[in-house]
Amino acid sequence: MPKMIAVSSTSVQRVGYATAERELHVQFKSSDTIYIYEGVPRAIFEQLLAAPSIGTFVNQQIKDAYAFHTQ
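First, a word on scope: everything that follows refers to the structure included in this document.

What counts and what doesn't
- Residues numbered from 1 in each chain as written.
- Predicted model: local features only at pLDDT ≥ 70, side-chain atom pairs only at ≥ 80, totals over all residues.
- Heavy atoms only, no water.
- Buried < 20%, exposed > 50% of the residue type's maximum accessible area, 1.4 Å probe, protein only.
- Helix = DSSP H or I, 4+ residues; strand = E, 2+ residues; numbered from the N terminus.
- Pairing = 2+ DSSP bridges.
- Arc of directions from axis to C-beta.
- Contact = heavy atoms within 4.5 Å.
- Axes fitted to C-alpha atoms, helices over the stretch in contact; angles between N-to-C directions.
- Core = buried A, V, L, I, M, F, W, Y, C linked by side-chain atoms within 4.5 Å.

Let's shift gears to the pairing of strand S2 (residues 12-18). Across the 7 residues of S2, 5 count as buried, placing the element largely inside the fold. As paired elements, strand S1 (residues 5-6) and S2 share 2 bridges and run antiparallel to each other. Bridge pairing in S2 places Ile5 opposite Val15. Between S1 and S2, which pair antiparallel in sequence order, lie 5 residues.

The complete set of buried residues in helix H2 (residues 54-62) reads Ile54, Gly55, Phe57, Val58 and Ile62. Viewed end-on, H2 has its buried residues packed into an arc of 160 degrees, placing them on one side of the element. On its buried face, H2 is in contact with S2, strand S3 (23-28), strand S4 (34-38) and helix H1 (42-50).

On to the sheet that holds S3, then. On the basis of which strands lie adjacent, the open sheet formed by 5 strands has the order S1-S2-S3-S4-S5 and antiparallel pairing. Each edge of the open sheet carries a strand with a single partner, namely S1 and strand S5 (68-70). Against the sheet, H1 makes contact with S1, S2 and S3, and its axis sits at roughly 155 degrees relative to S2, the strand it touches most. Here H2 sits on the sheet in contact with S2, S3 and S4, set at roughly 55 degrees to S2.

With respect to the element layout, Val7 can be found in the loop between S1 and S2. In this structure Val7 comes out as buried when scored by relative accessible area, which is 16%. With 47 residues separating them along the chain, Val7 and Ile54 place their C-alpha atoms 8.0 Å apart.

Turning to the nonpolar core, a few remarks are in order. Counting residues in each nonpolar core, the largest one holds 18 residues, and the members touching the most others are Val12, Leu24, Tyr37, Leu48 and Ile62. Among the elements that make up this core, the one with the highest residue count is H2 (4 residues). Contacts of Val12, omitting those with residues within four sequence positions, involve Val7, Val26, Gln27, Phe28, Lys29, Ile54, Gly55 and Val58.

Pasting the structure below:
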């Protein structure tokens, strides 16, 4: 698992990115479950970190665009 970074968000607690696997890891504040989104380009992770609203970015750009599994 990649290093998880705490973020300032009302809905997202931590995020991380596994470069070799191209996986975005997201832990929401509502659960201890980590969602692992597959095939996410590094540029998308960087856009996520720079987004004015991380929760909105995840909802609009990640959730319906990438397959995921949980951990």
